[in-house]
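# Structure assessment
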Amino acid sequence: MSSPKERRSVVTGMGVIAPNGVSTDAFWKATKEGISVLDRVTREGCEHLPLKVAGEVRGFDPADLIEERYLVQTDRFTHFAMAAANLALDDARLGRADYADSPFAVGVVTAAGSGGGEFGQRELQRLWGQGSKYVGPYQSIAWFYAASTGQISIRGGFKGPCGVVASDEAGGLDALAHACRTVRRGTDAVVVGAAEAPLAPYSVVCQLGYDDLSTLDDPVRAYRPFTDGACGFVPAEGGAMLVVEEATAAEGRGAPVRAELSGHTATFTGASRWEESRAGLAHAIRGALEDARCAPDEIDVVFADALGVPSADRAEALALADTLGRQATQVPVTAPKTGTGRAYCGAPVLDIAAAVLAMEHGVVPPTPNVVDVCHDLDVVTGRARPAELRTALVLSRGLMGSNAAMVLRQGPPSPS
């Protein structure tokens, strides 16, 4: 077995369940074309709530991908995660035959913020409306933020290291970093990612406490980061799962290598302290670059956090200037999530998937609904921009104060 420093983490499979597509191909087609799917909230029970616009996953039938015995035990957020994991495993061509003799060589890591709000709300309504005997036994586990990790592990027979990351939205990147550390310690593969389902009435009511939530009723204007019209973010369902493997193990089984996860750093600057997030995010960017042994001028594209709050957007632009220098005004910056909404922990994993696809196709996807940028950034708007992309920087911040940055490279570099 290679030493920890020699064990590199590569992406061999991706699965996406998002508002703009319930497969990776559909997601990329809509992302590349800059299609916005933000629309009025239609989920039952949300009609009279102040949140009017969100990114809903439509046309998704979990029964097409998941057995009934798992469906009855799990919430919508786990349905998304399990379905995305299926797609990622298929993409990586990683089947049970590949680990039948070594089930402890494959682990699972997910991140979650909202948990199983829809399942929990239904069971609590039964409790108060009908009595305790009408509450199902799975209420004890389906709402729990660890449910997706557990169900993916059980269903797939993965007995390697498993974990759950809870560091609000930035947890999506932190979960990927945790997977990379797991690979460095000796695990051959990790199924990793995040998916959220925060649009049940109870979950929406909880989010209404966020001052940064946009309550505009116009889907075109509700989420416009980096502009004078920025008025907050809109939430979204969905997310993505990846298969991350040790490079030599992937090569040994002939798996396709789509990208390398090269560097990551996380920091914490406190809830809604957006001015302070400048320093925290800058520290995360510097750390990720150092971890990846990547110079600032090697970054070919930035997938921005793009919260849509003026002070947060300004802090992010300044953090990029602090870390990338003159390059900060020249490197293409994009935020495809303005067309889908922010899926909390799932949002940065969707950005990772988009970054991998952007490097593969040599094109920077646009930032939907954003036209007049008021910061000194080269934000890609309108239509996709062709570019040679070898290295991408993905940024994420959470409402509770977490910051994270991750560097990806196109394919694994040649061993030194």
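Residues numbered from 1 in each chain as written. Predicted model: local features only at pLDDT ≥ 70, side-chain atom pairs only at ≥ 80, totals over all residues. Heavy atoms only, no water.

Cut-off, in case you're wondering: UniProt positions are given in the numbering used here, feature names are shortened, and annotations may be inferred rather than shown by experiment.
Looking up the protein chain in an unreviewed UniProt entry gives the name Ketosynthase chain-length factor, with the organism given as Streptomyces endophytica. A UniProt comment under Sequence similarities (unreviewed entry) is attached to the protein chain, and it reads "Belongs to the thiolase-like superfamily. Beta-ketoacyl-ACP synthases family."

### Observations concerning the overall build of the protein chain
Under the convention used in this document: Here a helix means four or more residues in a row that DSSP labels H or I, a strand means two or more in a row labelled E, and each is numbered from the N terminus. Using a 1.4 Å probe on the protein chains alone, a residue whose accessible area is under 20% of its type maximum counts as buried, one over 50% counts as exposed, and one in between counts as partly exposed. Here, residues are in contact when the closest pair of their heavy atoms is within 4.5 Å. All accessible areas in this document rest on Shrake-Rupley with a 1.4 Å probe, and a residue is counted as covered only by the protein chains that are shown. When charges are counted, Lys and Arg contribute as positive and Asp and Glu as negative, whereas His and the chain ends are disregarded. The location of each charge is read from NZ of Lys, CZ of Arg, CG of Asp or CD of Glu.
What the protein chain contains, in helices and strands, is 13 helices and 15 strands. Oriented by its inertia axes, the alpha-carbon framework of the protein chain measures out at about 65 × 55 × 35 Å. Within the protein chain, the proportion of its 416 residues that are buried is 61%. Nonlocal contacts in the protein chain, meaning residues at least 24 apart in sequence, comprise 80% of its contacts between residues at least 6 apart. Accessible surface, the protein chain: about 16300 Å² in total, of which carbon and sulfur atoms supply 50%. In the protein chain, 38 positive and 50 negative side-chain charges are present, and the distance between their average locations comes to 2 Å.

### Focus: helix α5 (residues 117-129)
Put simply, the rule reads: How far a helix is expected to stretch is found by multiplying one less than its residue total by 1.5 Å.
In a regular helix each residue adds 1.5 Å, so 13 residues correspond to 18 Å; α5 covers 18 Å between its end C-alpha atoms and thus fits that length. The inward-facing, buried residues of α5 abut α6 (139-142) and α9 (201-207). Among the residues trailing α5, glycine 131 stands out with phi positive, at a value near 120°.

### Concerning the sheet that holds strand β12 (residues 378-379)
Pairing between the strands of a sheet comes from backbone hydrogen bonds, and it takes one of two forms, parallel or antiparallel. For the record, the criterion: When DSSP locates at least two bridges between a pair of strands, those strands are taken to pair. An axis is simply a line fitted to the C-alpha atoms; with a helix, the fit covers only the stretch in contact. Between two such axes, the angle follows the N-to-C directions and lies from 0 to 180 degrees.
Spatial ordering of the open sheet is given by β5-β4-β6-β7-β1-β8-β15-β14-β9-β10-β12, a layout of 11 strands whose pairing is mixed. Because the sheet does not close on itself, it has two edges, and the strands there are β5 (162-165) and β12. Together, β8 (259-268), β14 (391-397) and β15 (402-409) form the strand contacts of helix α11 (residues 274-292), whose direction differs from that of β8 by roughly 145°.

### Here we look at the packing of helix α3 (residues 76-92) against helix α7 (residues 147-156)
To describe two helices that pack against each other, one gives the angle between their axes and the distance between the axes. Rule in force here: Each angle is binned into one of four classes, with values under 35 degrees roughly parallel, values over 145 roughly antiparallel, values of 65 to 115 roughly perpendicular, and all other values oblique. In this scheme the crossing of two helices becomes right-handed for a clockwise turn of the near helix relative to the far one and left-handed for an anticlockwise turn of less than a right angle.
Between α3 and α7, the shortest axis-to-axis distance is 9 Å and the interhelical angle comes to 40°. With respect to their mutual orientation, α3 and α7 come out oblique. Once α3 is placed against α7, the crossing between them reads as right-handed. For the pair α3 and α7, the contacting residues are Phe77, Thr78, Ala81, Met82, Ala85 and Asn86 in the first and Ala147, Ser148, Gln151, Ile152 and Arg155 in the second.

### Considering empty space enclosed by the protein
For clarity, the cut-off: The distinction between a cavity and a pocket rests on a 1 Å grid over the protein atoms alone: a 1.4 Å probe fits inside a cavity but cannot get out, while a pocket stays open yet meets protein on both sides within 12 Å along at least five of seven lines, and a residue with an atom within 4 Å of a point counts as lining. Grid points are joined across faces, edges and corners, and a volume is the space filled by probe spheres set on the points.
Under the criterion given, the structure shown has two cavities of 30 Å³ or more. One number sums up the size of the largest cavity: a volume of about 70 Å³. For the largest cavity, the full set of lining residues is Ala18, Phe27, Pro336, Lys337, Thr340, Gly341, Ala347, Leu350, Asp351 and Ala354. In terms of residue count, helix α13 (residues 346-361) provides more of the lining of the largest cavity than any other element does, four residues in total. Within this model, the second largest cavity holds a volume of roughly 50 Å³. Around the second largest cavity, the lining residues are Asn20, Phe27, Ala30, Thr31, Gly34, Ile35, Pro336, Gly339, Thr340 and Pro368.

### Comments concerning the packing of helix α8 (residues 171-184) against α13
Applied cut-off: We call Asp, Glu, Lys and Arg charged. Ala, Val, Leu, Ile, Met, Phe, Trp, Tyr, Cys and Pro are nonpolar, and the rest, Gly among them, are polar.
Orientation of α8 relative to α13, taken along the N-to-C sense of each, is 65°, at an axis distance of 6 Å. Taking contact as the criterion, the partners of Gly172, Leu173 and Leu176 in α8 are, on α13, Pro348, Val349 and Ile352. For the contact of α8 with α13, the class distribution of residues is five nonpolar, one polar and no charged.

### Here we look at the pattern of salt bridges
In a structure, side chains of opposite charge can pair up when their charged atoms sit close to one another. Rules: When a carboxyl oxygen of Asp or Glu lies within 4 Å of a side-chain nitrogen of Lys or Arg, that pair is called a salt bridge.
Tallied over the full model, the rule gives 21 salt bridges. The shortest N-O distance in the salt bridge between arginine 7 and aspartate 188 comes to 3.6 Å. Pair noted here: arginine 7 is in the segment before β1 (9-17) and aspartate 188 is in the loop between α8 and β6 (189-196), with a separation of 181 residues, a long-range link. Salt-bridge contacts for glutamate 237 lead to arginine 43; the nearest nitrogen and oxygen are separated by 2.7 Å.

### Section: α11
Spanning 19 residues, α11 covers 26 Å between terminal C-alpha atoms, matching the ideal 27 Å at 1.5 Å per step. Listed as buried for α11 are Trp274, Ser277, Gly280, Leu281, Ala282, Ala284, Ile285, Gly287, Ala288, Leu289 and Ala292. Where α11 is buried, its residues contact β8, α12 (310-324), β14 and β15. One or two steps after α11, the chain reaches arginine 293, where phi turns positive at roughly 55°.

### Digging into the UniProt feature "domain: Ketosynthase family 3 (KS3)" (unreviewed entry) in the protein chain
Under the UniProt annotation, the feature "domain: Ketosynthase family 3 (KS3)" (unreviewed entry) is placed at residues 6-410. When the span residues 6-410 is considered, its composition is 34% helix and 19% strand, and the gap between its end C-alpha atoms is 18 Å.

### Thoughts on the packing of aromatic side chains
Quick reminder of the rule: By convention, a stacked pair of Phe, Tyr or Trp rings (six-membered ring in the case of Trp) has centres within 6.5 Å and planes under 30 degrees apart, an edge-to-face pair has planes over 60 apart, and any other such pair is tilted. For a ring to carry a charge above it, either NZ of a lysine or CZ of an arginine must fall within 6 Å of the ring centroid while also lying within 35 degrees of the normal to the ring plane.
Under the definition given, this model contains five aromatic pairs. Centroid distance phenylalanine 60 to phenylalanine 80: 5.1 Å. Interplanar angle 55°. Geometry classified as tilted. With a gap of 20 residues between them, phenylalanine 60 in the loop between β3 (53-54) and α2 (68-71) and phenylalanine 80 in helix α3 connect regions that are remote in the sequence. One exposure class covers both phenylalanine 60 and phenylalanine 80, and it is buried. Ring geometry for tryptophan 143 and phenylalanine 144: centres 5.4 Å apart, planes at 65°, overall edge-to-face. These aromatic residues form a ring-pair network of at least three members: Trp143, Phe144 and Tyr145. In this arrangement the basic side chain of arginine 122 is found over the ring face of phenylalanine 119, its NZ or CZ atom lying 4.4 Å from the centre. Above the face of the phenylalanine 233 ring, arginine 342 is positioned so that its terminal group lies 5.8 Å from the ring centre.

### Some points on the pairing of β6
Each regular strand carries side chains that alternate between the two faces of the sheet. Of all eight residues in β6, eight are buried, a share of seventy percent or more. Side chains Ala189, Val191, Gly193 and Ala195 project from β6 onto one buried face, and the interleaved Val190, Val192, Ala194 and Glu196 project onto a second face that is buried too. Pairing analysis gives six bridges linking strand β4 (residues 106-111) to β6, with the strands arranged parallel. Looking at β6, one finds that valine 109 is bridged to valine 192. Note that β6 and strand β7 (residues 238-246) share eight bridges and pair antiparallel. Note that in β7 the partner of alanine 194 across the bridge is alanine 240.

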